[in-house]
Amino acid sequence: MAPENQTRPRLRTLLFVPGDRPDRIPKAAAAGADAIVVDLEDAVALSRKDAARRAAAGALAALPAGGPVVTVRINAVDTGLAEADVEALEPVLGRVDLVMVPMSSSPDAVRRAAALLAQAERRAGLEQGRTRIIPLVETAAGIAAARDVAAADERVLTLAFGPADLSRELGVTPTADGEELFVARSQLVLAAAAAGRPQPIDGPHLDLDDAEGLARSAAAARRLGFGGKQVLHPRQLPVVAAAFAPTAEQLRWARRVDEAFREAEAAGVSSIRLDDGTFVDYPIAHRARALLAEGG
């Protein structure tokens, strides 16, 4: 069981790095992302899976403490590869904060991954439940079952969106504005909230040379309620980080709301109207305080 007081990491930027390129893993860790995702799945050819597991474990063992959140994307649980992925991580599992589970189309996929992690933690002598899970929802079935996927196990931190596989399944082309996947993204945001999880993580913008499209894609995801975005190259990091950080104007508004509402609360009043006409009650005050926490 995951500890109730376990800190939820802030995940605005998740930078992917191939598991079979151990030289890139420390570089990714130093790039300034909130989290790195060492990829044992799509970034690694089938013939190189074993080599990637060994290389990734060696690189993770050498990472200095105090860096970004360390995530490993294992292979899907129905491929027959996930067991070897988790087993290879056992010697360095204490250095792994999160495991991303691709093709999470049902609660059973999450529970099977959780069982593998529980076994690995026991063997490694680690606290049960310390390794959290991010289900990667990237199929129509996964979107339809997203609320149950998010609630499948206490290890689930939040959900992540996978646009590439879903686009292929639906026969659409992913764009920066994301209109073709608007409903799927919205359902994922609602599912995470309904399960009591933090804001989910949007999928990557696949055109590495399209900075303007990346900015549009990240801004649209934030408006929908995502809390961060997957990133494929370090040069995408500043654009995504800026899109998911509160603006100076938002922080000024939040401070004004918070100060006025605290005064009102002290006087026994729980709804006020600011001098600009803005109505503030507890939901608005909570939103202002959340923005201040994000900006801190």
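Please read all numbers here as calculations on a predicted model, not as lab measurements.

## What to know about the overall build of the protein chain
For the protein chain, the helix and strand inventory stands at 12 helices and 10 strands. Rg of the C-alpha trace for the protein chain: 20 Å, near the compact-globule value of 19 Å for 296 residues, within the 12% margin. By its C-alpha atoms, the protein chain is 65 × 45 × 35 Å across when sized along the principal axes. Here the protein chain holds 296 residues, and 50% of them are scored as buried. Residue pairs at least 24 apart in sequence account for 71% of intrachain contacts in the protein chain once pairs closer than 6 positions are excluded. Looking at the protein chain as shown, the accessible area adds up to about 13,600 Å², and 52% of this sits on carbon and sulfur atoms. Across the protein chain, 35 positive and 40 negative side-chain charges occur, with their mean positions spaced 3 Å apart.

## Quick notes on helix H10 (residues 237–244)
Every buried residue of H10 is listed here: Leu237, Val240, Ala243 and Phe244. Taken down its axis, H10 places every buried residue within 135 degrees of arc, on the same side. Within H10, the exposed residues directed more than 90 degrees away from the buried face are Pro238 and Ala242. Residues of H10 that are buried in the fold lie against strand S1 (13–18), helix H9 (211–224), strand S8 (228–231) and helix H12 (282–295).

## Observations concerning the packing of H9 against H10
A pair of packed helices can be characterised by two numbers: the angle between their axes and the separation between those axes. For the pair H9 and H10, the least separation of the axes is 9 Å and the interaxial angle reads 30 degrees. By the angle class used here, H9 and H10 are roughly parallel. The handedness of the crossing between H9 and H10 comes out as right-handed. Of H10, the residues touching H9 (which contributes Ala211, Leu214, Ala215, Ala218, Ala219, Ala221 and Arg222) are Val239, Val240, Ala243 and Phe244. Here the contact of H9 with H10 is built from residues that sort into 10 nonpolar, no polar and one charged.

## As for the pattern of salt bridges
Under the defined criterion, the tally for this structure stands at 22 salt bridges. Here Arg289 makes a salt bridge to Glu265, at a shortest N to O gap of 3.0 Å. Linking Arg289 in helix H12 with Glu265 in helix H11 (residues 248–266), this pair joins segments that are 24 residues apart in sequence. Arg289 gets classed as partly exposed once you look at its relative accessible area, which sits at 21%.

## Things to note about the UniProt feature "domain: HpcH/HpaI aldolase/citrate lyase" (unreviewed entry) in the protein chain
Residues annotated by UniProt as "domain: HpcH/HpaI aldolase/citrate lyase" (unreviewed entry) correspond here to residues 12–234. This span, residues 12–234, is 41% helix and 15% strand, and a straight line between its end C-alpha atoms measures 13 Å.

## Topic: the packing of aromatic side chains
Scanning the model with the defined rule gives one aromatic pair in all. Ring geometry for Phe261 against Tyr282: centres 5.1 Å apart, planes inclined by 80 degrees, an arrangement best described as edge-to-face. Pair noted here: Phe261 is in helix H11 and Tyr282 is in helix H12, with a separation of 21 residues, a long-range link. Accessibility expressed as a relative area gives 0% for Phe261, which makes it buried. What makes Tyr282 partly exposed here is its relative accessible area of 36%.

## Brief notes about the nonpolar core
Core analysis: the biggest nonpolar cluster contains 63 residues, and Val38, Leu60, Val72, Ile74, Leu159, Phe161 and Leu188 have the highest contact counts within it. Among the elements that take part in this core, helix H4 (residues 107–124) stands out by supplying seven residues, more than any other. Apart from residues lying up to four places away in sequence, Leu60 is in contact with Val38, Val70, Val72, Leu89, Val92, Arg95 and Val96. Counting 13 residues, the second largest nonpolar core, distinct from the first, contains Ala35, Val37, Met100 and Leu136.

Reading the values: rules and limits
Residues numbered from 1 in each chain as written. Predicted model: local features only at pLDDT ≥ 70, side-chain atom pairs only at ≥ 80, totals over all residues. Heavy atoms only, no water. Helix = DSSP H or I, 4+ residues; strand = E, 2+ residues; numbered from the N terminus. Rg over C-alpha atoms; globule rule 2.2 N^0.38 Å. Buried < 20%, exposed > 50% of the residue type's maximum accessible area, 1.4 Å probe, protein only. Contact = heavy atoms within 4.5 Å. Areas by Shrake-Rupley, 256 points an atom, 1.4 Å probe, with all protein chains shown as cover. Lys, Arg positive; Asp, Glu negative; His and termini not counted. Charge placed at Lys NZ, Arg CZ, Asp CG, Glu CD. Arc of directions from axis to C-beta. Axes fitted to C-alpha atoms, helices over the stretch in contact; angles between N-to-C directions. Parallel < 35°, antiparallel > 145°, perpendicular 65-115°, else oblique. Left-handed = near helix turned anticlockwise from the far one by under 90°. Nonpolar A, V, L, I, M, F, W, Y, C, P; charged D, E, K, R; others polar. Salt bridge = Lys/Arg side-chain N within 4 Å of Asp/Glu carboxyl O. UniProt positions renumbered as here; feature names shortened; annotations may be inferred. Phe/Tyr/Trp six-rings, centres within 6.5 Å; stacked < 30°, edge-to-face > 60°. Core = buried A, V, L, I, M, F, W, Y, C linked by side-chain atoms within 4.5 Å.

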